[in-house]
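The residues making up each chain are set out below.
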Amino acid sequence: MNFPFTLKIYTRIQGKQTMCLWCMFECYFIRMKWLKEVFHQGKYNWNAVLLLSGLLYLSCCGIVLAASATGKEAKMEKKPDPVEVAIIAPSTAKKLLEKYITLPPKPFKDEIDLAAYARKIRQESVELLATEGYFTPEVEFDKKKGNGKAKAYELRVKPGPRTRVAAVAIEFQGALATDEPVYRARVEQLRAEWPLKPGKIFRSARWEDAKSALLSSVASRDFATARIVESQAKVDPDTAQATLSIIIDSGPAYRYGELQITGLERYRPDVIQNSAPFRPGDPYRRDQLLAFQVALQNGKLFNAAAVTIKPDPALHEAVPVIVTLTEAKSKQFGAGIGYSSNNGARGEINYRDYNFLGRAWNLSSLLRLEQKRQTFSTRIDTLPDANRYRYSSGVRVEMTDIKNLKTFNQRVDFSRIRTTTHSILQVGVNWQREEREPSGAPKTVNETLALDSWYRYHDIDDPVNVRRGFISEARLGGGSSYALSDRSFIRSYLRHQHWLPIGRRDTLYFRAEAGYTLASSRQGIPQEYLFRAGGIQSIRGYDFLSLGVREGNAIVGGRVLATGTAEYVHWFTNDWGGAVFTDIGDAADKWKEFDLAVGYGVGARWRSPAGPFALDLARRHDTGTLRVHFSIAVAF
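Every chain's residues receive numbers from 1 upward, in the order its sequence appears when written. For this predicted model, a pLDDT threshold of at least 70 governs which residues receive local features, and a threshold of 80 or more governs which side-chain atom pairs are given and counted, while totals over whole chains, interfaces and linings are taken from all residues. As a convention, hydrogens and water are excluded, and side-chain values are obtained from all of the structure's heavy atoms.

### Some words on the sheet that holds strand 7 (residues 256-262)
As a reminder of what qualifies: Strands are treated as partners if at least two bridges between them are detected by DSSP. Each helix is a run of H or I in the DSSP string that is no shorter than four residues. Each strand is a run of E no shorter than two, and both are numbered from the N terminus. An axis is simply a line fitted to the C-alpha atoms; with a helix, the fit covers only the stretch in contact. Between two such axes, the angle follows the N-to-C directions and lies from 0 to 180 degrees. Residue contacts are defined here by distance: any two heavy atoms, one from each residue, within 4.5 Å place the two residues in contact.
Strands sit in the order 7-9-8 across an open sheet of three strands; the sheet is mixed. A single partner strand is all that each edge strand has here, and the edge strands are strand 7 and strand 8 (302-309). The average undirected angle you get between the axes of adjacent strands in this sheet is 20°. Relative to strand 9 (residues 319-327), strand 7 runs parallel, the two being bridged by five bridges. Residue pairing across strands places Thr 262 opposite Thr 324, the latter belonging to strand 9. Helix 9 (residues 286-298) contacts strand 7, strand 8 and strand 9 of the sheet and is inclined by roughly 165° relative to strand 8.

See the structure below:
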């Protein structure tokens, strides 16, 4: 049989790949004719079958080669050289233009394309420079002089004089404009705080920020519906001066009305009313509304909370406060594990009921098992009343085994607590019975009924990762042998922590504490009212509570304490840092027995999702012993 098409197909496959598709179709029809002839004759020519298979294979290869070659040609397509634009301008204007102007994405096709881009870039430059106070710039764009490159251009800018503020007129309408001493003083203060004073450089962004800040300041107190009636900035390009004017209508002065609460199912409205930082009739303060909302959101009773007012000028004398709430589940069960170099491994389970007895009281129970301490406690806390006082009562059973001193303590307490934005005051009474078993010394049992007071004031920037601020606390308490106590005593304690920011991210931290228990002897006084030192947040390099008074083979609490810390933390990133520190102090039974212990070292810091992480390697100065201290906890 004859196959005149074989050479033809091979030639086309070896030729231009664009012909391969045509080859495939041509071969297809020829093959179909040939197959029809073969089968019509009723015989099979196996050589022809093999040849046909080979042709099919070659046709497919041709298609693949065509696609591959086409892809390679596309990859090898040469990208056009970028257009070089050199900006010649003073440094301030140059930085602005480099940041915001649009460079040509590809070479210009012709002179018309170049002229269109030149007009565009000049317009952009003039508008950008105007935002920085340059209103009379000279802008030129053309080919770079003295350069052989065809695609090199220059943007030459002479920004001209920078506009400055010549005069400012700030006027008020509404209640704020009335002739009352309190409002006159406030108007004077608002004008004095205006940042764009005569002589200052005029920038559009500063102008907008100044207007927003002024309006926000007016609206934050009394005048919830304050608005800008008119604002104008007249710029004289010839003198490079700007005259500013703004008129603000304060509207009426608002006072709080009643709370309108939605979303309550389990709790009574007085639960919300008592926690509000304002009362009906008080003048409107925006920060009070925000603080109220944050307090509700951070509490355990609600998943979501929103606090707003209905800004109706007709209701300004008693504007309703709208509180929208979504209640959270009232019962929660939790479990956790942890580790601390003070008390070792820890596991705990806890249960909370935020609506105990249907009164929105908080019932909390905790079972915590640590290597050196085991605790079970149950506590009931009420919500704050109208005077922001809440009451707390609890029972606690605790066993410890620290530095060869075993204790078994049972405690019942009742206290009244007042919490404000920056302070906590707690006054209470507690009874406790403590069994002491020092290794190598007689076992004793101490009982006391003590009055106790505790006060803390804090002013910090972040309650979790503190960088700036301080915390001070004081505690004073005691018992009498005439009132269910084995020994009369008065215990006093002071503690202060201070954070100072250094540079952009670093922190310098100081801590000092001192305590003194006035009593004829430490015998008969529970360990809670005596002092031991050592470990994290005390003196690193020493074991936890290893500094105190030796009794037999154990370390027990003494009547005097003084410790201090200086620590510098350098943050390499936002979350990782390194620390160097020195701790000093001691705990003893008398001041004349006081012997300063010193520890120092280095550590790693990590702002973990669970809280600040600290890993320290500390050296005990007198023996050179190295100890590792580890904790995940807020520093206070």
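After that view, the rundown keeps rolling.
### Some points on the packing of aromatic side chains
By convention here, two paired aromatic rings are described through the distance between centres and the angle between planes. Cut-off, in case you're wondering: Pairing of aromatic rings covers Phe, Tyr and the six-membered ring of Trp, with a centre-to-centre limit of 6.5 Å; geometry is then stacked below 30 degrees between planes, edge-to-face above 60, and tilted otherwise. Burial classes follow relative accessibility: with a 1.4 Å probe on protein chains only, a residue under 20% of its type's maximum area counts as buried, one over 50% as exposed, and anything between as partly exposed.
According to the stated counting rule, one finds 21 aromatic pairs in the structure shown. Taking the centre distance of 5.4 Å and the plane angle of 45° together, the rings of Phe 108 and Tyr 117 count as tilted. The pair Phe 108 / Tyr 117 is uniform in exposure class, with both members buried. Their ring planes at 50° and their centres at 5.1 Å tell us that Phe 489 and Tyr 529 sit as a pair that is tilted. Residue Phe 489 is found in strand 19 (residues 489-502), and its partner Tyr 529 is found in the loop between strand 20 (506-518) and strand 21 (549-551); the two are separated by 40 residues along the sequence. Counting every residue linked through ring pairs, the aromatic cluster contains Tyr 339, Trp 576, Trp 606, Phe 613 and Phe 630.

### Some details on the nonpolar core
The condition is simple: The criterion is simple. A nonpolar core is a set of buried Ala, Val, Leu, Ile, Met, Phe, Trp, Tyr and Cys residues joined through side-chain atoms within 4.5 Å.
The biggest cluster of nonpolar side chains holds 23 residues, and the ones touching the most others in it are Ile 272, Phe 278, Leu 289, Phe 292, Leu 296, Val 321 and Val 323. Those elements giving two or more residues to this core turn out to be strand 7, helix 8 (269-273), helix 9, strand 8 and strand 9. The contacts of Phe 292, once residues within four sequence positions are left out, are Leu 259, Ile 272, Ser 275, Ala 276, Pro 277, Phe 278, Val 307 and Val 323. Membership of the second largest hydrophobic core comes to 22 residues, among which are Ala 175, Phe 202, Ile 246 and Ile 248.

### Quick notes on a nonpolar patch on the surface
The condition is simple: Without a salt bridge and with relative accessible area above 30%, a residue can belong to a patch; like charges are then joined within 9 Å and nonpolar side chains (Val, Leu, Ile, Met, Phe, Trp, Tyr) within 5 Å. Computed by Shrake-Rupley with a 1.4 Å probe, the accessible areas treat only the displayed protein chains as cover when residues are assessed. A carboxyl oxygen of Asp or Glu within 4 Å of a side-chain nitrogen of Lys or Arg is what we treat as a salt bridge.
A cluster of nonpolar residues, Phe 333, Ile 349, Tyr 351, Leu 367, Leu 369, Phe 376 and Val 397, forms a patch on the protein surface that exposes about 620 Å² of accessible area. Of all the elements in the fold, those that place two or more residues in the nonpolar patch are strand 11 (344-356) and strand 12 (361-370). Within the element layout of this structure, Ile 349 appears in strand 11. Taking the relative accessible area as the measure of exposure, Ile 349 reaches 39% and is therefore partly exposed.

### Things to note about the sheet that holds strand 5 (residues 227-236)
Here we have three strands laid out as an open sheet, ordered 4-6-5, and mixed in their pairing. The open sheet has two free edges, formed respectively by strand 4 (164-173) and strand 5, since each of these has just one partner strand. Neighbour to neighbour, the strand axes of the sheet diverge by 10° on average, direction disregarded. By the bridge criterion, nine bridges tie strand 4 to strand 6 (residues 241-249) in an arrangement that is parallel. From the neighbouring strand, Arg 164 faces strand 6, where its bridge partner is Gln 241. With respect to the sheet, helix 7 (residues 204-219) is in contact with strand 4, strand 5 and strand 6, its orientation differing from that of strand 5 by roughly 155°.

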